[in-house]
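Structural overview for review
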Amino acid sequence: MEIVVHPESQGNSRLNKYYHVGVVPAFREAYKNSGEWLTDGETDKRLCIESPMAHIEVDGKIKGYKQFEDLSLKEGVEMIEHLKQWGAENFDIYIPEPKNYYEKDKIQWHDK
């Protein structure tokens, strides 16, 4: 059986960039600090498993997971907010909001 996902929207490229340049590395580092050395791809997969927004359900059972890029804009925002809360509760990490983006996928963060 092959499951094909046709999202309502490809979402926002800035949101995708924020997820891959800000969120995934923060969790990769959190996993590393807890003794697990994961690649970005492995971390991304774990985050999709953790996030209900990325679950593909058939008859109430999880049959697979959407990649972040396949989520709608709304689902992507909800997933990031969910992960930020989950990360704070389970890894004691804070993932700042991006202020704006530079070239070469770099993010400038808000100063607090």
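See the structure shown above.
These figures come from a predicted structure and were not determined experimentally.

Here is what the cut-offs are and how they apply
- Residues numbered from 1 in each chain as written.
- Predicted model: local features only at pLDDT ≥ 70, side-chain atom pairs only at ≥ 80, totals over all residues.
- Heavy atoms only, no water.
- Phe/Tyr/Trp six-rings, centres within 6.5 Å; stacked < 30°, edge-to-face > 60°.
- Helix = DSSP H or I, 4+ residues; strand = E, 2+ residues; numbered from the N terminus.
- Buried < 20%, exposed > 50% of the residue type's maximum accessible area, 1.4 Å probe, protein only.
- Core = buried A, V, L, I, M, F, W, Y, C linked by side-chain atoms within 4.5 Å.
- Contact = heavy atoms within 4.5 Å.
- Polar contact = N/O pair within 3.5 Å; in protein donor to acceptor, adjacent residues only side chain to side chain.
- Salt bridge = Lys/Arg side-chain N within 4 Å of Asp/Glu carboxyl O.

1. Topic: the packing of aromatic side chains
Taken as a whole, this structure holds 5 aromatic pairs when the rule is applied. On the numbers, 5.0 Å between centres and 70° between planes, the contact of Y31 with F91 is edge-to-face. Here Y31, found in helix α1 (residues 13-33), pairs with F91, found in helix α3 (residues 73-91); they are 60 residues apart in sequence, far enough to count as distant. What makes Y31 buried here is its relative accessible area of 5%. We classify F91 as partly exposed; its relative accessible area is 22%. Seen in terms of ring centroids, W86 and F91 are 5.5 Å apart; in terms of plane orientation they differ by 75°. Their pairing is edge-to-face. Given a relative accessible area of 17%, W86 falls into the buried group. Of the aromatic side chains, those joined through ring pairs into one cluster are F27, Y31, W86 and F91.

2. Here's the deal with the nonpolar core
Y19, V23, F27, L47, M79 and L83 are the most contacted members of the largest nonpolar core, which totals 21 residues. Within the residue set of this core, elements represented by two or more residues are α1, α2 (40-50) and α3. For this core, the element with the most residues is α1, which contributes 8 residues. The residues contacting V23, other than those within four sequence positions of it, are Y18, L47, I80, L83 and I95.

3. Some thoughts on the environment of P52
Position of P52 relative to the elements: it lies in the loop between α2 and β1 (55-58). For P52, a relative accessible area of 46% gives the class partly exposed. For the pair P52 and I62, spaced 10 residues apart in sequence, the C-alpha to C-alpha distance is 9.5 Å.

4. A word on the side chain of S51
Structurally, S51 can be placed in the loop between α2 and β1. The exposure class assigned to S51 is buried, which follows from its relative accessible area of 0%. For S51, the side chain forms a polar contact with the main-chain oxygen of L47, separated by 2.8 Å. Those residues in contact with S51 that sit more than four places away from it in its chain are M79, H82 and L83.

5. Some remarks on the pattern of salt bridges
For the structure shown, the criterion picks out 7 salt bridges. Salt-bridge contacts for E75 lead to K66; the nearest nitrogen and oxygen are separated by 3.1 Å. Residue classification places K66 among the buried positions, given a relative accessible area of 15%. Three or more residues are tied together by salt bridges with common partners; here these are E81, K84 and E97.

These values are about where atoms sit, not about what they do.
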